[in-house]
Amino acid sequence: MQFGYSETCLDHDTGPRHPENPDRLRAIRRRLAKRHGVVYREASPADRESVAAVHTPAYVDEVQEFADRGGGNWDADTVASEATWEAALASAGLAQWAVREAMDGANGRETPFSLGRPPGHHAIEDDAMGFCFFNNAAIAAQTALDSTSVERVAIFDWDVHHGNGTQDLFYDRGDVFYASIHEDGLYPGTGEIDETGTGSGAGSTLNVPFPAGADDADYEYAITEAVVPAFESFDPDLLIVSAGFDAHRHDPISRMRVSTEGYALFTQLLRRFGDRTSTPLAFVLEGGYGLETLSDGVAAVHETFDGRDPTVGEGEPSPDAKTIVDGLLERIE
Ligand SMILES: [Zn+2]
């Protein structure tokens, strides 16, 4: 894969013991150093205009002023330093780079993956939350929509947390389809099955809130039976994957049971969808807080595009997971 990377993203300093810290990117780089076919690309930071295409200008100013004053706690767990402004623009710029690469035809081994931080999917129109300042995936989606070649964008968010920010930003829009699989009851508490969009966005949001303990087979069932068919009928010109790795069974902040090989499997399912429908794919890093599991997960995505078939388990979806997905399908039909 091609990885978008910027040293500037290391400067976003969240202080000691914060789970979202620069060691995450360092661990990924170390793990990828041993892999075949890894290419790093730099990208220009996002400009204010493209950030303000999804966030309010007043909020964008507020983030800049907060960082300029030295940063601090924006809320209980969202922390900025002076360098956060530049890092947030760099992170958004990497996500824009990824969609531009994808739109320009980068696929297969050239598929783009932006390794930015701070992450983005919790950031709403006018506020930072959940470690996120600017909604990188949403900014990238809007950048694609503002080009001439893309009219519809699908976003699949497999981070263990619901991407409330991304959902909110496009909730009433018919040109973006947002799908998420996440742990029910976890932060930020949104992403119920009945949150399906409103107005011209009615039916273009799909949430799969799984109970703690969901595993590869449960995710596979949801992706195969609900997410991919929904994307197929939406018929996007681009698929952005909000790729967090915190649903891993050894991630410290969730209770899901996804394995490293699970991420390879999810990648293969999305890649097949992309190949079958000629939909370009762009990956954008979200969360993932175990350095080992995060870096293994990113490497698993990379290896899948490098041609390695995932080792598929024999597991069946649990009755709970099946009930949730089947209930969702009944709702759609
Ligand atoms: Zn997360």
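Residues numbered from 1 in each chain as written. Predicted model: local features only at pLDDT ≥ 70, side-chain atom pairs only at ≥ 80, totals over all residues. Heavy atoms only, no water.

If you check helix α9 (residues 291-305), its first and last C-alpha atoms are 22 Å apart, about what 15 residues at 1.5 Å a residue would give, namely 21 Å. Here α9 lies mainly inside the structure; 12 of its 15 residues are buried. The inward-facing, buried residues of α9 abut β1 (2-4), α1 (23-32), β5 (112-114), α8 (260-277) and β10 (281-285). (Helix = DSSP H or I, 4+ residues; strand = E, 2+ residues; numbered from the N terminus. Expected span 1.5 Å × (residues − 1). Buried < 20%, exposed > 50% of the residue type's maximum accessible area, 1.4 Å probe, protein only. Contact = heavy atoms within 4.5 Å.)

The subject of this paragraph is the pairing of β10. In terms of residue burial, β10 counts as a mostly covered element, since 5 of its 5 residues are buried. Every second residue of β10 is oriented toward a common face, with Leu281, Phe283 and Leu285 on one face and Ala282 and Val284 on the other, all of them buried. The pairing of β5 with β10 spans 2 bridges and is parallel. Among the inter-strand pairings, serine 114 is bridged to a residue of β10, identified as valine 284. As defined by bridge partners, strand β9 (residues 238-243) adjoins β10 across 5 bridges and the pair is classed as parallel. Bridge pairing in β10 links valine 241 to phenylalanine 283. In this region the chain leaves β9, passes through α8 and returns to the parallel neighbour β10; the handedness of that crossover is right-handed. (Pairing = 2+ DSSP bridges. Right-handed = clockwise from strand over helix to strand, strands pointing away.)

The coordination sphere of the zinc ion, as far as protein atoms go, consists of Asp159 (OD), Asp159 (OD), His161 (ND1) and Asp246 (OD), spread over 2.0 to 2.7 Å. Every donor counted, the 4 donor atoms about the zinc ion form angles of 53 to 154° at the centre, which fits irregular coordination. Sequence spacing of the donor residues for the zinc ion, all on one chain, is D-x1-H-x84-D. (Donors = N, O, S within 2.8 Å, 3.2 Å for Na, K, Ca; no water. Tetrahedral: all angles 85-135°; square planar, octahedral: opposite > 155°, others 65-115°.)

The subject of this paragraph is the packing of aromatic side chains. Counting across every chain of the model gives 24 aromatic pairs. A centroid spacing of 5.7 Å and a plane angle of 85° characterise the contact between phenylalanine 131 and tyrosine 289, whose relative ring orientation is edge-to-face. Within this pair, whereas phenylalanine 131 is found in the loop between β5 and α5 (136-145), its partner tyrosine 289 is found in the loop between β10 and α9, the two being separated by 158 residues in sequence. Judged on exposure class, the residue phenylalanine 131 and its partner tyrosine 289 are both buried. Taking 5.9 Å as the distance between ring centres and 65° as the angle between the ring planes, the aromatic pair formed by tryptophan 158 and phenylalanine 266 counts as edge-to-face. You can see tryptophan 158 sitting in the loop between β6 (153-157) and α6 (164-169) and its partner phenylalanine 266 sitting in helix α8, a full 108 residues away along the chain. What makes tryptophan 158 buried here is its relative accessible area of 0%. Over the ring of tyrosine 5 we find arginine 29, and its NZ or CZ is 4.1 Å from the ring centre. Sitting over the face of the ring of phenylalanine 234, arginine 152 holds its NZ or CZ atom 4.2 Å from the ring centroid. (Phe/Tyr/Trp six-rings, centres within 6.5 Å; stacked < 30°, edge-to-face > 60°. Lys NZ or Arg CZ within 6 Å of the ring centre and 35° of its normal.)

A few words now on the state of the cysteines. Applying the stated rule across the entire model yields 0 disulfides. Considering cysteine sulfurs only, cysteine 132 is the nearest to cysteine 9, which forms no disulfide, with 13 Å between them. Judged by relative accessible area, which is 1%, cysteine 132 ranks as buried. (Disulfide = S-S within 2.5 Å.)

Per-residue pLDDT for the protein chain has a mean of 97; in total, 100% of the residues score no lower than 70. Within the protein chain, the lowest mean pLDDT, 93, falls on helix α10 (residues 319-332), and the highest, 99, falls on β6. (pLDDT = per-residue confidence, 0-100.)

Turning our eyes to something else, we now look at the nonpolar core. Counting 61 residues, the largest nonpolar core has Phe113, Phe156, Trp158, Phe210, Phe245, Phe283 and Val298 as the members making the most contacts within it. With 10 residues, the single largest contributor to this core is helix α7 (residues 216-234). With residues near it in sequence (within four places) discarded, phenylalanine 113 still touches Met1, Gln2, Phe3, Gly4, Trp97, Ala243, Phe245, Phe283, Val284, Leu285, Val298 and Val301. Counting residues in hydrophobic clusters, the runner-up holds 40 residues, among them Val51, Ala80, Phe134 and Ala138. (Core = buried A, V, L, I, M, F, W, Y, C linked by side-chain atoms within 4.5 Å.)

This part is about unusual backbone geometry. Cis geometry marks the peptide bond from arginine 117 to proline 118, where omega comes out at 0°. For the peptide bond that leads from tyrosine 187 to proline 188, omega is 0°, which places it in the cis range. Even without being a glycine, aspartate 235 presents a positive backbone phi close to 60°. Secondary-structure assignment places aspartate 235 in the loop between α7 and β9. Positive phi, close to 55°, is recorded for serine 278, a residue that is not glycine. Residue classification places serine 278 among the exposed positions, given a relative accessible area of 63%.

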